[in-house]
Amino acid sequence: QVQLVESGGGLVQAGDSLRLSCVASGLTFHLNMGWFRQAPGKARDLVAIINWSGGDTDYVDSVKGRFTISRDNAKNTVYLQMNNLKPEDTAVYYCAAGRPANRLLRSYSEYDYWGQGTQVTVSS
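Quick look at the pattern of salt bridges now. Think of it this way: side chains of opposite charge can pair up when their charged atoms draw near. Enumeration according to the criterion identifies six salt bridges in this entry. Across the pair Asp-89 and Arg-66 runs a salt bridge whose closest N-O atoms are separated by 2.7 Å. Here Arg-66 lies in the loop between strand E6 (57–59) and strand E7 (67–72) and Asp-89 lies in the loop between strand E8 (77–82) and strand E9 (91–98), a separation of 23 residues in the sequence. Across the pair, exposure class does not vary: Asp-89 and Arg-66 are buried alike. Salt-bridge contacts for Arg-103 lead to Glu-110; the nearest nitrogen and oxygen are separated by 2.5 Å. The exposure class of Arg-103 is partly exposed, given its relative accessible area of 47%. Ionic contacts of the salt-bridge type, sharing partners, join the residues Arg-37, Arg-66 and Asp-89 into one network.

Here's what the structure looks like:
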């Protein structure tokens, strides 16, 4: 049984930092992983992606320079370090595991497994 369990969300003020974690079980962790977010009334959007080795990453423009995705394959864990948080970062953040590929996966449809989400709320 595949499980992705996110943690680390919370209520913070603008300018603060949070680190989200996602622990995977029941699957071979050497997969592309991604963080997505969904604000109320909006679609689920890609935030950051990382390839199986951690050597390649990409980000949505709005978080570049503020967020960092990383992974520890020995711990089956992927992280999202979020610095200088802004109110517009408020959303439920989801971890996702993508299908095997030799490239970064940028489409929602390429991710097969999802966590339950963790709420991040940034007050102004």
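Right, let's talk about the side chain of Thr-118 for a bit. Mapped onto the elements, Thr-118 comes out in strand E11 (residues 118–123). Under the relative-accessibility criterion, Thr-118 is labelled buried at 11%. A distance of 3.2 Å separates a polar side-chain atom of Thr-118 from the backbone nitrogen of Gly-9. When near neighbours in sequence (up to four residues on either side) are disregarded, Thr-118 contacts Glu-6, Ser-7, Gly-8, Gly-9, Leu-20, Ala-91, Val-92 and Tyr-93.

Each aromatic ring pair is specified by the distance between its two centres and by the angle formed by the two planes. Taken as a whole and assessed by the stated rule, the structure comprises five aromatic pairs. Counting every residue linked through ring pairs, the aromatic cluster contains Phe-36, Tyr-108, Tyr-111 and Trp-114. Its end group placed over the ring of Tyr-94, Arg-44 keeps NZ or CZ at 3.6 Å from the ring centre.

Turning our attention to the sheet that holds E8. Reading across the sheet, the four strands line up as E1-E3-E8-E7 and stay open at both edges, with antiparallel pairing between neighbours. Only two strands of the sheet have a single neighbouring strand rather than two, namely strand E1 (3–7) and E7. Sheet twist, expressed as the average angle between the axes of neighbouring strands with direction ignored, equals 15°. Here six bridges tie E7 to E8, and the two strands are oriented antiparallel to one another. Bridge pairing links Asp-72 to Thr-77 in E8.

About the criteria used
- Along each chain, residues carry numbers from 1 onward, in the same order as the chain's sequence is written.
- Local features in this predicted model are restricted to residues of pLDDT 70 or higher, and side-chain atom pairs are both shown and tallied only at a pLDDT of 80 or more, whereas totals for entire chains, interfaces and linings draw on every residue.
- Each side-chain value is derived from all of the structure's non-hydrogen atoms; neither hydrogens nor water enter the calculation.
- Whenever a carboxyl oxygen of Asp or Glu lies within 4 Å of a side-chain nitrogen of Lys or Arg, that contact is scored as a salt bridge.
- Here a helix means four or more residues in a row that DSSP labels H or I, a strand means two or more in a row labelled E, and each is numbered from the N terminus.
- Using a 1.4 Å probe on the protein chains alone, a residue whose accessible area is under 20% of its type maximum counts as buried, one over 50% counts as exposed, and one in between counts as partly exposed.
- Definition of a polar contact: a pair of N or O atoms within 3.5 Å, with one able to donate and the other able to accept a hydrogen when the atoms are protein atoms, and with sequence-neighbouring residues admitted only if both atoms are side-chain atoms.
- Whether two residues are in contact is decided by their heavy atoms, any of which lying within 4.5 Å being enough.
- Aromatic pairing here means that ring centres of Phe, Tyr or Trp (its six-membered ring) are within 6.5 Å. Orientation follows from the plane angle: under 30 degrees is stacked, over 60 is edge-to-face, and everything else is tilted.
- A ring is scored as having a charge over it whenever the NZ atom of a lysine or the CZ atom of an arginine sits within 6 Å of its centre and within 35 degrees of its normal.
- At least two DSSP bridges between two strands are required for those strands to pair.
- Helix axes are fitted to C-alpha atoms over the stretch in contact, other axes to C-alpha atoms as well, and angles between N-to-C directions run from 0 to 180 degrees.

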